[in-house]
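An overview of the molecular structure
One letter stands for each residue in the lines below.
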Amino acid sequence: MKTFLTFALTAALTFITGCGKRGPELKLLAWSEYVPQSVIDGFTKETGIRVHYETFASNEEMLTKLLAGANRYDVIQPSEYAVEALIKAGQLAPLDAARVPNLGNLAPEFRAFAHDPGNKFSIPWMAGTVGIVVNTELVKEPVNSFADVFQEKYKGRIIGVKDSRELVSWALATLGRSCNDVTPETLAAAKPILAKWIPLVKVWDSDSPKTALLNGDVWIGVVWSGEAALLWQQNKKFRYVLPAEGAHRFIDSLAIPVNAANADGAHQFINYCLRPEVSKLISDAFPYTNPNAAARKLLSPEQLANPASYPPDSKLEIFRDIGKAAAQVDKLVTDLKNAQ
Ligand code: N2P
């Protein structure tokens, strides 16, 4: 009996100290290639909170992971239209502004969006555009529009992000329609355009579209601006242009799911990322448009002059939640890709 008690006590103690050693944890569900390891390490060093970074490559994938409920997450990183959908569905916890004092570092124009007025549920992480990148060493003709990109002569030389909502929005722009004008009629009009475009594309990649461009596998791409900015940093032959038919801007944000286990850690993480010197680390690794005015002051003139990170001011639309039409968008693209 005594031996058994000693054994049980030792086991219990090992378990408790084991937990103590592991310490608190933060489950982060974020886009791939978006959260620098230096930011995660700095946060853990300061707070003792270990960060478990799980990635996704589209808002739809993130929503599936989140709503499947198999895992609980403390911080997620939806884009604006997914923020809007999650707020409507009651899936986001209201932020406690008192615990995010660094919110004041955001530029005022990043604090007044229709998808979440007053940043009640979400905080911009990085903004960006989706545009055309061209390897001007391999493509001599000017490429300024979707019509220029999706030409038969570039078949097998094009890359696009693997994102149904994006792809459909490009076809809508070609039709002169808003990226939010998603109805059975506009989708029917977009279908023949997409049917022509899809077979021309060699690679669909949302994680690292720069890779196929860098190694010369493809010559032209329609990619996230931060990827284009990294290409420009490497070699000025990679030109970035916003498509002449129309472009949109995304606002990728941080938010806390309503069922987060560590809401306190989540607030600490969000506030930490809003520090100017931390936010600068994000720009250094992933040069999207930094919404943090205090961090922008720390960026070099070269960083601020990168045309993909900071494109000339133009009126850019922002995706809104399209509700049930999202499923039709996905079906349209999936069917066309499968039909190839
Ligand atoms: C980061 C991808 C940015 C996502 N790798 C665009 N919303």
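Here, residues in each chain are numbered from 1, in the same order as that chain's written sequence. Per-residue local features are limited, in this predicted model, to residues with pLDDT of at least 70; the limit for side-chain atom pairs, both in listing and counting, is 80 or more; totals at the level of whole chains, interfaces and linings are taken over all residues. Values shown for side chains rest on all heavy atoms present in the structure; no hydrogens or waters enter the calculation.

Some remarks on helix α9 (residues 225-234)
Filter applied, for reference: A 1.4 Å probe rolled over the protein chains alone gives each residue an accessible area, and that area as a share of the maximum for its type sets the label: buried under 20%, exposed over 50%, partly exposed in between. Strands are runs of DSSP state E lasting at least 2 residues, helices are runs of H or I lasting at least 4, and numbering of each runs from the N terminus. In this description, contact between two residues means that some pair of their heavy atoms is separated by no more than 4.5 Å.
The buried fraction of α9 is high, at seven of 10 residues. Of all the residues in α9, the buried ones are Ser 225, Gly 226, Glu 227, Ala 228, Ala 229, Leu 230 and Leu 231. Where α9 is buried, its residues touch β4 (122-135), α8 (210-214), β7 (220-224), β8 (238-241), β9 (248-255) and α11 (276-285).

Quick look at the environment of Ala 30
Residue placement: Ala 30 occurs in strand β1 (residues 25-31). Owing to a relative accessible area of 0%, Ala 30 belongs among the buried residues under this scheme. The spacing of Ala 30 and Ser 253 is 223 residues in sequence and 9.6 Å in space, taken between C-alpha atoms. Ignoring sequence-local partners within four residues, the contact set of Ala 30 consists of Val 35, Tyr 53, Glu 54, Thr 55, Phe 56 and Gln 77.

Re the pattern of salt bridges
What counts is decided by this rule: Salt bridges are counted wherever a side-chain nitrogen of Lys or Arg sits within 4 Å of a carboxyl oxygen of Asp or Glu.
All chains considered together, the criterion is met by 16 salt bridges. Measuring nitrogen to oxygen at the nearest pair gives 3.0 Å for the salt bridge that ties Asp 284 to Lys 280. Residue Asp 284 and its partner Lys 280 are both found in helix α11; the two are separated by four residues, about one turn of the helix. The exposure class assigned to Asp 284 is partly exposed, which follows from its relative accessible area of 32%. When salt bridges that share partners are traced, they join Glu 84, Lys 88, Arg 320 and Asp 321 into one network.

Here's the deal with the site of the ligand
So the rule is basically this: Only a single heavy atom is needed: when it lies within 4 Å of a molecule or strand, its residue is near that molecule or strand. Polar contact criterion, stated in full: a pair of N or O atoms within 3.5 Å, where within protein one must be able to donate a hydrogen and the other to accept it, and residues adjacent in sequence count only if both atoms are side-chain atoms. In short, Shrake-Rupley with a 1.4 Å probe defines the accessible areas, and a residue's cover is counted only from the protein chains shown. Each residue gets one of three labels, nonpolar for Ala, Val, Leu, Ile, Met, Phe, Trp, Tyr, Cys and Pro, charged for Asp, Glu, Lys and Arg, and polar for the others, Gly among them.
As a structural note, the neighbourhood of the ligand is formed by Trp 31, Ser 32, Glu 33, Tyr 34, Ser 79, Trp 224, Phe 250, Asp 252 and Tyr 288. In the model, a nitrogen atom of the ligand is placed 3.0 Å from a nitrogen or oxygen of the Asp 252 side chain. Relative to its free-state accessible area of 270 Å², the ligand is covered by the protein chains to the extent of 99%. A breakdown of the residues in the shell around the ligand according to their chemical character gives five nonpolar, two polar and two charged.

Points about the packing of aromatic side chains
The condition that has to hold: Only the six-membered ring of Trp is used, alongside the rings of Phe and Tyr, when aromatic pairs are assigned; centres must lie within 6.5 Å, and planes under 30 degrees apart are stacked while those over 60 apart are edge-to-face, with the rest tilted.
In total, this model carries 13 aromatic pairs according to the counting rule given. Ring centres of Phe 43 and Phe 269 lie 5.1 Å apart, and the angle between their planes is 90°; this geometry places the pair in the edge-to-face category. Highlighted residues: Phe 43 in helix α2 (residues 37-47) and Phe 269 in helix α10 (residues 263-273), separated in sequence by 226 residues. You'll find Phe 43 and Phe 269 in the same group, each marked buried.

Examining the domain arrangement of the chain
Our working definition: The domain limits used here are those given by an automatic or database domain assignment. Buried area is a sum: the accessible area each of two parts loses on coming together, probed at 1.4 Å, counted once for each and added.
Taken domain by domain, the chain comprises domain 1 (2-127 + 250-304) and domain 2 (128-249 + 313-338). For domain 1 versus domain 2, the separation of C-alpha centres amounts to 28 Å. On the side of domain 2, 22 residues touch domain 1, which itself brings 22 residues to the contact. Buried surface at the junction of domain 1 and domain 2, both sides included, amounts to about 1800 Å², of which 53% is carbon and sulfur. One salt bridge in this structure joins Arg 320 and Glu 84, with 2.9 Å as the shortest N-O distance. Applying the counting criterion to the domain 1 and domain 2 interface returns six residue pairs in polar contact (both at pLDDT 80 or more).

Let's talk about the layout of surface pockets
What counts, and what does not: Grid spacing is 1 Å over the protein atoms alone, the probe is 1.4 Å, and a cavity is where that probe fits but cannot get out, while a pocket is an open set with protein on both sides within 12 Å along at least five of seven lines and lining residues have an atom within 4 Å of a point. Grid points are joined across faces, edges and corners, and a volume is the space filled by probe spheres set on the points.
What the largest pocket holds in volume is close to 430 Å³. Surrounding the largest pocket, 17 residues form its lining, Phe 110, Arg 249, Asp 313, Ser 314 and Leu 316 being those nearest its centre. The element that contributes the greatest number of residues to the lining of the largest pocket is β4, accounting for three residues. Here the lining of the largest pocket is built from residues that sort into eight nonpolar, four polar and five charged.

What about empty space enclosed by the protein?
Taken as a whole, this structure holds three cavities of 30 Å³ or more when the rule is applied. Taken as a whole, the largest cavity encloses approximately 170 Å³ of empty space. Forming the walls of the largest cavity are 19 residues, and the residues nearest its centre are Trp 31, Trp 224, Phe 250, Asp 252 and Tyr 288. Those elements that provide at least two residues to the lining of the largest cavity are α4 (80-88) and β9.

Here we look at the nonpolar core
Considering soluble globular proteins, one finds that nonpolar side chains tend to be buried as a cluster. Worth spelling out the cut-off: Each nonpolar core is a collection of buried residues, namely Ala, Val, Leu, Ile, Met, Phe, Trp, Tyr and Cys, held together in the definition by side-chain atoms within 4.5 Å.
Grouped together as the largest cluster of nonpolar side chains are 83 residues, with contacts concentrated most on Tyr 34, Ile 76, Phe 150, Trp 170, Leu 194 and Trp 197. Look past the residues within four positions of Trp 170 in its chain and what remains in contact with it is Val 130, Phe 146, Phe 150, Gly 160, Val 161, Trp 197 and Val 222. Membership of the second largest hydrophobic core comes to 12 residues, among which are Ala 212, Leu 231, Tyr 240 and Ala 308.

A few points about the side chain of Ser 145
Looking at the secondary structure, you find Ser 145 in the loop between β4 and α5 (146-149). Its relative accessible area of 10% is what places Ser 145 among the buried residues. Non-local contacts of Ser 145, meaning those with residues more than four positions away in its chain, are made with Ile 132, Pro 243, Ala 244 and Glu 245.

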